[in-house]
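# Structural overview
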Amino acid sequence: MTPFIHLENVRKTYRGRGKDFVAVSNVTFDVNEGDLVSLVGPSGCGKTTVLKILADLHEADTGCTVEIGGGTPFTPGRDVGMVFQQALLLKWRTILDNVLLPADILGLPRKAAKDRARDLLAMVGLAGFESKYPYELSGGMQQRAAIARALVHDPKLILMDEPFGALDALTREKMNLEMLRIWQESRKTILFVTHSIQEAVFLGSRCAVLTAGPARMADFFEIELPFPRTLDVKTTERFGDYTKRIYRQLGMD
């Protein structure tokens, strides 16, 4: 099967005055359609850079291979949805209109987009909040709206950059469970960046480990924990083995 994403020896160098900075190197992995792949590592290891390359916001260095779409046409502006650490909802737009923003930018038919936005808000547990404004929602609810916004134009790939990093621990646990439910319902291909080793193992069907100093990819492996997952899986020996594997790669064992 042709992978949906194929990265081979991906490297990104930023040119500075008198000195170059290697943001990421040696990134090689494949992502199948429908995978939820975690990218985990410390600050400055290039995780966000990898997402920006996939979103066509940055170019990889010459000689690298970046293939997306599995042989089918792929246009980043149309086929990528992004979720950031902050929800970044527009405070003057209702939750429904915030979710509709990508559809408005792309000029999609309004009625069909509005119907899809309402369905997505129901899927993320925000039915009845369509006419509310961002300040009327909690942080976790705002992130749910941001996820619905990333899905509204039916992209082929979702890129999530530390989306739950600003939430408190209990809300983050709840959002992890919601994330798995939304992924299993939408069946989208997702790359999920996190600093949390436990979050990476709990969410991912596969996991890429990136290290800092210099930034490089150290490991990529399948997480053979059955879906659907509950928080109880974190108490299992296999879950602990996966976290220990990441700790070792990061020099934290």
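Our structure is the block above this text.
How each quantity is defined
- Residues numbered from 1 in each chain as written.
- Predicted model: local features only at pLDDT ≥ 70, side-chain atom pairs only at ≥ 80, totals over all residues.
- Heavy atoms only, no water.
- Salt bridge = Lys/Arg side-chain N within 4 Å of Asp/Glu carboxyl O.
- Buried < 20%, exposed > 50% of the residue type's maximum accessible area, 1.4 Å probe, protein only.
- Pairing = 2+ DSSP bridges.
- Helix = DSSP H or I, 4+ residues; strand = E, 2+ residues; numbered from the N terminus.
- Axes fitted to C-alpha atoms, helices over the stretch in contact; angles between N-to-C directions.
- Contact = heavy atoms within 4.5 Å.
- Core = buried A, V, L, I, M, F, W, Y, C linked by side-chain atoms within 4.5 Å.
- Phe/Tyr/Trp six-rings, centres within 6.5 Å; stacked < 30°, edge-to-face > 60°.
- Lys NZ or Arg CZ within 6 Å of the ring centre and 35° of its normal.
- 1 Å grid on protein atoms, 1.4 Å probe; cavity = no way out; pocket = protein on both sides within 12 Å on 5 of 7 lines; lining within 4 Å.
- Points joined across faces, edges and corners; volume = space filled by probe spheres on them.
- Nonpolar A, V, L, I, M, F, W, Y, C, P; charged D, E, K, R; others polar.

### Let's talk about the pattern of salt bridges
Counted according to the given criterion, the structure contains 15 salt bridges. Note that Arg15 and Asp20 form a salt bridge whose closest N and O atoms lie 2.7 Å from each other. Arg15 sits in the exposed class, given a relative accessible area of 64%. Here the residues in one salt-bridge network are Arg93, Asp97, Asp104 and Arg110, joined through shared partners.

### Some remarks on the sheet that holds strand 2 (residues 20-31)
Here 3 strands make up an open sheet; going across it, the order is 2-1-4 and the pairing antiparallel. A single partner strand is all that each edge strand has here, and the edge strands are strand 2 and strand 4 (65-68). Taken over all neighbouring pairs, the strand axes of this sheet differ in orientation by 30° on average, direction set aside. Across 4 bridges, the pairing between strand 1 (residues 5-15) and strand 4 is antiparallel. Counterpart to His6 in the pairing with strand 4 is Glu67. Together, strand 1, strand 2 and strand 4 form the strand contacts of helix 1 (residues 47-54), whose direction differs from that of strand 1 by roughly 110°.

### Thoughts on the nonpolar core
Ile147 and Met179 are the most contacted members of the largest nonpolar core, which totals 51 residues. Broken down by element, the residue count for this core peaks at 7 residues, all from helix 6 (residues 139-151). Other than its neighbours up to four places away in sequence, Ile147 contacts Val83, Met160, Phe164, Met175, Met179 and Ile182. Of all hydrophobic cores here, the second largest spans 26 residues; its members include Val10, Val24, Val27 and Val37.

### Observations concerning the packing of aromatic side chains
One pass over the full model with this rule turns up 6 aromatic pairs. Aromatic pair Tyr14 and Phe21: ring centres 6.5 Å apart, planes at 15°, arrangement stacked. Judged by relative accessible area, which is 27%, Tyr14 ranks as partly exposed. Between Phe29 and Phe220, the ring centres sit 5.0 Å apart and the planes meet at 25°, which makes this aromatic pair stacked. On the criterion of sequence distance, the pair formed by Phe29 in strand 2 and Phe220 in strand 9 (residues 216-222) is long-range, its members being 191 residues apart. Its relative accessible area of 24% is what places Phe220 among the partly exposed residues. The ring centre of Trp183 lies 4.9 Å from the NZ or CZ of Arg187, which sits over that ring. The ring of Phe202 carries the charged tip of Lys234 above its face, separated from the ring centre by 5.1 Å.

### Focus: empty space enclosed by the protein
Applying the stated criterion to the full structure yields 1 cavity of 30 Å³ or more. Taken as a whole, the largest cavity encloses approximately 40 Å³ of empty space. Lining the largest cavity are Val83, Ile147, Ala150, Leu151, Ile158, Met179, Ile182, Ser186 and Ile190. Secondary structure elements with two or more residues in the lining of the largest cavity: helix 6 and helix 7 (169-186). For the lining of the largest cavity, the class distribution of residues is 8 nonpolar, 1 polar and no charged.

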